[in-house]
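What follows is each chain in one-letter form.
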Amino acid sequence: MAKQDAAAKRQCIHCGKYVPVRSTQCMYCKESLPDLNVLRATAGIPTEGGPKIRRGLLYMLLAGVVQYYAGGYSGFTLPVQIDPVVFQYLVPGLFLLGLGLVLYGFYLKMKG
Ligand SMILES: [Zn+2]
């Protein structure tokens, strides 16, 4: 587990001011703050990786959909004629982009 960024800030739940992420007491209003690790474990607060994984999965899904229509598997013909070369590069590109985002998201999750 990587060391938490010392410069990271969290918002005080009592006065809304930003305090160091590790502090258990607000330096402005002196109210005690709940432990962030406990909060994360109980409330399931998403880490930075979550949205990236979701977006990556969306791209991969989109690539699949484009492939589905472009390949003519659906029996649906596109209203406009698109050069198949576009799909040849677009679909794998989109898929890899999504895969990369998912992997990066997981990396952030592990690190976080
Ligand atoms: Zn405060």
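Everything below is about the structure shown above.
These lines cover the structure that appears in this document, whether it is placed above or below. (Residues numbered from 1 in each chain as written. Predicted model: local features only at pLDDT ≥ 70, side-chain atom pairs only at ≥ 80, totals over all residues.)

### Details of the overall build of the chain
Our working rule: Helix and strand assignments follow DSSP, with helices taken as H or I runs no shorter than four residues and strands as E runs no shorter than two, numbered in order from the N terminus. Whether a residue is buried, exposed or partly exposed follows from its count of other C-beta atoms within 10 Å of its own C-beta, namely 20 or more, 12 or fewer, or something in between, respectively; the C-beta atoms are built from the backbone.
Each helix and strand counted, the chain has three helices and two strands in total. Listing each helix as α and each strand as β along the chain from the N terminus yields β-β-α-α-α. The buried share of the chain, taken over its 112 residues, is 9%.

### What to know about the environment of Tyr 59
Inspection of the secondary structure assignment puts Tyr 59 in helix α2 (residues 49–70). Separated by 34 residues in the primary sequence, Tyr 59 and Gly 93 place their C-alpha atoms 9.8 Å from one another.

### A look at unusual backbone geometry
We note that Lys 30 has phi near 65°; this positive angle belongs to a residue other than glycine. Looking at the secondary structure, you find Lys 30 in the loop between β2 (18–20) and α1 (36–43).

### Quick look at the environment of Gln 67
Along the polypeptide, Gln 67 turns up in helix α2. For the pair Gln 67 and Gln 88, spaced 21 residues apart in sequence, the C-alpha separation works out to 9.2 Å.

Honestly, that's just the spatial picture; any functional story needs more than this.
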